[in-house]
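Results of the structural survey
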Amino acid sequence: MKQPLHRRQPTQSNPRVQRTRNRVLAVARELLPQVGPAGLTYALLAERSDVTRQTLYRHWPTRAALLFDLVLEGPDLGTYPEPGSDVRAVATAWLKSLRAGVSVPAVRTAALAVTAQADHDPDSARALVRIGEDRHAGFNRLLEPAGIQISEDEFTLLYGPVLARLFLDRGQVTDTFIDTVVTQWLTTLQPADAPKDPGE
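Thresholds, definitions, all that
- Residues numbered from 1 in each chain as written.
- Predicted model: local features only at pLDDT ≥ 70, side-chain atom pairs only at ≥ 80, totals over all residues.
- Heavy atoms only, no water.
- Helix = DSSP H or I, 4+ residues; strand = E, 2+ residues; numbered from the N terminus.
- Buried < 20%, exposed > 50% of the residue type's maximum accessible area, 1.4 Å probe, protein only.
- Patch = residues over 30% accessible without salt bridge, like charges linked within 9 Å, V, L, I, M, F, W, Y side chains within 5 Å.
- Areas by Shrake-Rupley, 256 points an atom, 1.4 Å probe, with all protein chains shown as cover.
- Salt bridge = Lys/Arg side-chain N within 4 Å of Asp/Glu carboxyl O.
- Lys, Arg positive; Asp, Glu negative; His and termini not counted.
- Charge placed at Lys NZ, Arg CZ, Asp CG, Glu CD.
- Axes fitted to C-alpha atoms, helices over the stretch in contact; angles between N-to-C directions.
- Parallel < 35°, antiparallel > 145°, perpendicular 65-115°, else oblique.
- Contact = heavy atoms within 4.5 Å.
- Nonpolar A, V, L, I, M, F, W, Y, C, P; charged D, E, K, R; others polar.

Below, the discussion takes up unusual backbone geometry. For D50, which is not glycine, the phi torsion reads 60° and is therefore positive. Its place among the elements puts D50 in the loop between α2 (42-49) and α3 (53-59). D50 sits in the exposed class, given a relative accessible area of 66%. A positive phi is found at R170, a non-glycine position, where the angle reads about 55°. Positionally, R170 belongs in the loop between α8 (152-168) and α9 (175-186). Given the relative accessible area of 55%, R170 is considered exposed.

Take a positive patch on the surface next. A contiguous patch of positive charge, built from R16, R19, R23 and R58, is present on the exposed surface. Structurally, R19 can be placed in helix α1 (residues 15-39).

What follows is about the packing of α1 against helix α4 (residues 63-72). Relative orientation and spacing of two packed helices are given, respectively, by the angle between their axes and the distance between those axes. Between α1 and α4, the least distance of the axes is 10 Å, while the angle of their chain directions is 105°. Taken together, the axes of α1 and α4 lie roughly perpendicular to each other. Along its contact with α1, which presents R21, L25, A28, R29, L32, P37 and A38, the element α4 presents R63, L66, L67, D69 and L70. Counted by class, the contact of α1 with α4 contains eight nonpolar, no polar and four charged residues.

By themselves, these observations are geometric and do not establish any function.
Following this line, the structure appears as structure tokens:
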């Protein structure tokens, strides 16, 4: 299977390279909600970031790679939870962090653009899979002190209602809604010592 798309790795230990990369991402975050995904061309981004297009392609060989980083490397909002042994508390804090992250206009626009393009653009499809894998692995790291790891299906059942409320219903995700989602989700978790269904 082809590796999930990610940016090439310029020398990240080089402070100048890292500063350039951070500056470009900051400009892209500012421009994306204004001009939309189609308007965020490498020509415009290079001009506004004061870099060459070649520099952009070294970091992000495709637009999907750029959008990928805009989703995964959103601004630090100080809301990402710490690992913990209380599964309910971790899940609740994680969903609140997800809500905060997608409230950032550039993150929201980038996530929707990658999703919209995934059916006809293989790079976007791989980026979308990679975003899901990254978030799933990160959530399982938060659950390590609780001694459990959740499956991909269990992860989808946690975040799915929140994204549906935000993007399909165009509604608000309140703390009460998150509490309800977590309460329902906890009932779906299969205990580690439960016998497996022979049909699985």
